[in-house]
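# Summary of structural features
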Amino acid sequence: MILVVGGAGYIGSHAARTLRRHGYEVVIYDNLSRGHDFLVEGFELVVADIADHKRLAQVMKGVDAVMHFAAHSQVGESVQSPRIYFQNNAEGGLTLLNTALDAGVRKFIFSSTCAVYGVPEKVPITEDTPRQPVNPYGTSKLFFENALEAYDRAYGLRYMSLRYFNAAGADESGEIGELHDPETHLIPAALKAVTGERGELELFGSDYPTPDGTCVRDYVHVNDLADAHVLALKKIEAGSGSAALNLGTGLGCSVKEVITMVEEVTGAKVPRRVAPRRPGDPPTLVADPSRAQNSLQWKATRSLREIVQTAWQWERGGRQKARKA
Ligand code: UDP
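Figured I'd write up the structure that's included with this text. Fair warning: this is a prediction, and the values are worked out from it, not measured in the lab. (Residues numbered from 1 in each chain as written. Predicted model: local features only at pLDDT ≥ 70, side-chain atom pairs only at ≥ 80, totals over all residues. Heavy atoms only, no water.)

## As for the pattern of salt bridges
Under the criterion given, the structure shown has 22 salt bridges. For Lys192, the salt bridge goes to Glu315, with nearest N and O atoms at 3.0 Å. With Lys192 in helix H6 (residues 186–195) and Glu315 in helix H10 (residues 304–316), this residue pair connects regions lying 123 residues apart in the sequence. A residue is classified by how much of its surface remains accessible, and Glu315, at 2% relative accessible area, is buried. The closest approach of N and O atoms between Asp281 and Arg278, which form a salt bridge, is 3.0 Å. Relative accessible area serves as the criterion here: at 19%, Asp281 is assigned to the buried category. (Salt bridge = Lys/Arg side-chain N within 4 Å of Asp/Glu carboxyl O. Helix = DSSP H or I, 4+ residues; strand = E, 2+ residues; numbered from the N terminus. Buried < 20%, exposed > 50% of the residue type's maximum accessible area, 1.4 Å probe, protein only.)

This is the structure:
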């Protein structure tokens, strides 16, 4: 059985479905502080916190592997309230890790992030880039990566730290998708500007040292990420050693290019205005995903168009239903 911790969140809920499609038995563990039970309808759900050692220890019986998605993930919030980031992502994460270890679980898949690299000197970013996070979110994720490395050496824990670039898009079914509150991410923000659910999109900075002056990111479809999790799990099940892998497409898209794609897909203009740069945004973050390609035989297969199409389908369908419920 696979314990999907934080499985009622955005990426965790997609991974849970993908695991099930591959025949795995899945139990979701989530405190629903930021997750949503309707994203995991039909799954066994344990509503509890990762800091709850007792509850975790009960659930851990019969678990073959843990996938850990339970983290706060907003950079700006982490700067404002570092305490909750270290408490949840570091302290809570460690309780989860220790409880798994004590229960004899030796397979662990961790949601890491390109934020561990901070502002890299070179792009595309390889896994050997020094890890120098520039905000508490990245620091908390790096702490957990370091714990996994130490536990591998000391206790024989086998892990994969999967460093996501910009997760985006939604399940092709239209039933689940991104649901953050507040929503800070570019693609949902642009779609909400189109529907009128919120005002103009603020385009944070148009004077970056990039081809069109706006920030460049590597947007990767959430179901491509979910596929990588299943492959990483299978690899560890087959006896592979631990690894840290970048999950991205290797292709950079500017904010302006994303807006153009949103306009093509929706057939509507994105109301917008140029706003000052958002503090802490590096000009360009693009993955070199070749290690994940070689080691997992994984490649992101969904395009920016499919990302925006599925996000749009979710925005108009499932998400609206969820909002009314
Ligand atoms: N961005 C923007 N307006 C928004 C949200 C994001 O211009 O309302 C830009 C942001 O500056 C960054 C890119 O879009 O360059 C992606 O931001 P997002 O918050 O989606 O992801 P992040 O790169 O911070 O993980």
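## Some thoughts on helix H8 (residues 255–266)
For H8, spanning 12 residues, the distance from its first C-alpha to its last is 16 Å, which sits close to the expected 16 Å at 1.5 Å a residue. When H8 is considered as a whole, its buried residues turn out to be Val255, Val258, Ile259, Met261, Val262, Glu263, Val265 and Thr266. Among the structural elements, H6, strand E8 (201–204), strand E10 (219–221), strand E12 (253–254), strand E13 (272–275) and H10 are those in contact with the buried residues of H8. Remark: Gly267 follows H8 within two positions and exhibits a positive phi of approximately 70 degrees. (Expected span 1.5 Å × (residues − 1). Contact = heavy atoms within 4.5 Å.)

## So, the packing of helix H1 (residues 10–21) against helix H7 (residues 222–237)
At a minimum axis distance of 8 Å, the contact between H1 and H7 shows a crossing angle of 55 degrees. One way to sum up the angle between H1 and H7 is to call them oblique. Of the two possible hands of crossing, H1 and H7 adopt the one that is right-handed. Residue-level contacts link Tyr10, Ile11, His14, Ala15, Thr18, Leu19 and Arg21 of H1 to Val222, Asn223, Leu225, Ala226, Asp227, Val230 and Leu233 of H7. A breakdown of the residues in the contact of H1 with H7 according to their chemical character gives nine nonpolar, three polar and two charged. (Axes fitted to C-alpha atoms, helices over the stretch in contact; angles between N-to-C directions. Parallel < 35°, antiparallel > 145°, perpendicular 65-115°, else oblique. Left-handed = near helix turned anticlockwise from the far one by under 90°. Nonpolar A, V, L, I, M, F, W, Y, C, P; charged D, E, K, R; others polar.)

## Comments concerning the sheet that holds strand E14 (residues 284–285)
Strands pair in a sheet through their backbones, by hydrogen bonds, and they do so in one of two ways: parallel or antiparallel. Sheet architecture is open: three strands sit in the order E12-E9-E14, paired in mixed fashion. Taken across any chain shown, the strands that pair with only one partner, and hence form the sheet edges, are E12 and E14. In the sheet, strand E9 (residues 216–217) pairs with E14 via two bridges, with the strands oriented parallel. Residue pairing for E14: Arg217 is matched across the bridge by Leu285. (Pairing = 2+ DSSP bridges.)

Limitation: the analysis is restricted to geometry and does not speak to function.
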